[in-house]
Amino acid sequence: MRLDVVTIFPEYLEPLNVSLVGKARARGQLDVRVHDLRSWTHDRHNTVDDTPYGGGPGMVMKTEPWGEALDEILTDGYEAGAHAPALVVPTPSGRPFTQELAVHLSERPWLVFTPARYEGIDRRVVDEYATRMPVYEVSIGDYVLAGGEAAVLVVTEAVARLLPGVLGNAESHRDDSFAPGAMAGLLEGPVHTKPPVWRGRGIPEVLLSGHHGKIARWRRDEALRRTTAHRPGLIEGSDPKAFDKKDREM
Ligand SMILES: Nc1ncccc1[N+](=O)[O-]
């Protein structure tokens, strides 16, 4: 998988050189390219933003630098058909980023991230590229960050760990919270490891029973209990709409 990130803070993406993503890059499983948007500005101040039409606070990122950057990145020969790119636009006004969407994105050969600073990117940039490829406008949460770079780190990690061979034990993401399948839509229950007693606290008996059926049932009950306590909406189905493959254009 290839990931391109266009940003005015390339150094913010340094964490993509370490840990899980860093190792996947070193192994050649991920081809991550971080680009400085200001490379596509031509004025003395490397201007990337301007005041919003219609007035209002803050600044809006301008179309031209994004257009030049994306045109250059998307036509560098990698797009040999088999590598259809998709745009991932982190924004608080996007569709909630969920595990289903992470799974869907992990199946794509090429993601181009456009994290924005300020009040966001001129709408015409998304409109322009939505005519050529799937555009996923995603939100990592109902709060406002200073820019989308932290969201790129979040989405990249959630996607990279699903790539074959990236996680040591392929099974380990089967039981993740939200993982499709038996635990779909449920939060993970509590976990324990040695020592068997710690500050007078022991381990739930069932976990020491060796009875796999009982253990699986206990784990599911605990997941249901935790989900009911923390995210009742997931049980009633009123929580973020699960990503549906047909919703390509978002
Ligand atoms: N929440 C956000 N705030 C700013 C930029 C992007 C964001 N997001 O969720 O992707």
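None of the values given here were measured: they were computed from a predicted structure.

(A) Focus on the pattern of salt bridges. Counting across every chain of the model gives ten salt bridges. R124 is the partner of D122 in a salt bridge, and the nearest nitrogen-oxygen pair spans 2.6 Å. Classification of D122 as buried rests on a relative accessible area of 16%. Taken together, the shared-partner salt bridges in this structure form one network comprising D71, E128 and R132.

(B) Fine view of the sheet that holds strand β1 (residues 2-7). With parallel pairing, the five strands of this open sheet are ordered in space as β2-β1-β6-β5-β7. The open sheet has two free edges, formed respectively by β2 (31-36) and β7 (135-139), since each of these has just one partner strand. Between one strand axis and the next, the sheet turns through 25 degrees on average, direction left out of account. Relative to strand β6 (residues 110-113), strand β5 (residues 85-96) is paired through four bridges, and the arrangement is parallel. Bridging across to β6, P85 finds its partner in W110. Contacts from helix α2 (residues 63-74) reach β1, β2, β5 and β6, with the element oriented near 160 degrees to β1.

(C) Looking closely at the site of the ligand. Taken together, 13 residues surround the ligand, and among them T91, I140, Y143, L145 and A151 come closest. One of the backbone N or O atoms of Y143 is found 2.8 Å from a nitrogen atom in the ligand. Relative to its free-state accessible area of 270 Å², the ligand is covered by the protein chains to the extent of 96%. Listed by contribution, the elements that provide at least two residues to the shell around the ligand are β5 and β7. Here the shell around the ligand takes three residues from β5, the largest share from any one element.

(D) Representation of the environment of D76 within the structure. Within the secondary structure, D76 is located in the loop between α2 and β5. Classification of D76 as partly exposed rests on a relative accessible area of 35%. With near-sequence residues (within four places) excluded, D76 lies in contact with R2, R33 and W110.

(E) Structural context of the side chain of S139. Take S139: it is sitting in strand β7. Residue classification places S139 among the buried residues on the basis of a relative accessible area of 6%. Leave out the neighbours within four places in its chain, and S139 touches T91, P92, G94, R95, P96 and F97.

Cut-off values and rules
- Residues numbered from 1 in each chain as written.
- Predicted model: local features only at pLDDT ≥ 70, side-chain atom pairs only at ≥ 80, totals over all residues.
- Heavy atoms only, no water.
- Salt bridge = Lys/Arg side-chain N within 4 Å of Asp/Glu carboxyl O.
- Buried < 20%, exposed > 50% of the residue type's maximum accessible area, 1.4 Å probe, protein only.
- Pairing = 2+ DSSP bridges.
- Helix = DSSP H or I, 4+ residues; strand = E, 2+ residues; numbered from the N terminus.
- Axes fitted to C-alpha atoms, helices over the stretch in contact; angles between N-to-C directions.
- Contact = heavy atoms within 4.5 Å.
- Near = heavy atom within 4 Å.
- Polar contact = N/O pair within 3.5 Å; in protein donor to acceptor, adjacent residues only side chain to side chain.
- Areas by Shrake-Rupley, 256 points an atom, 1.4 Å probe, with all protein chains shown as cover.

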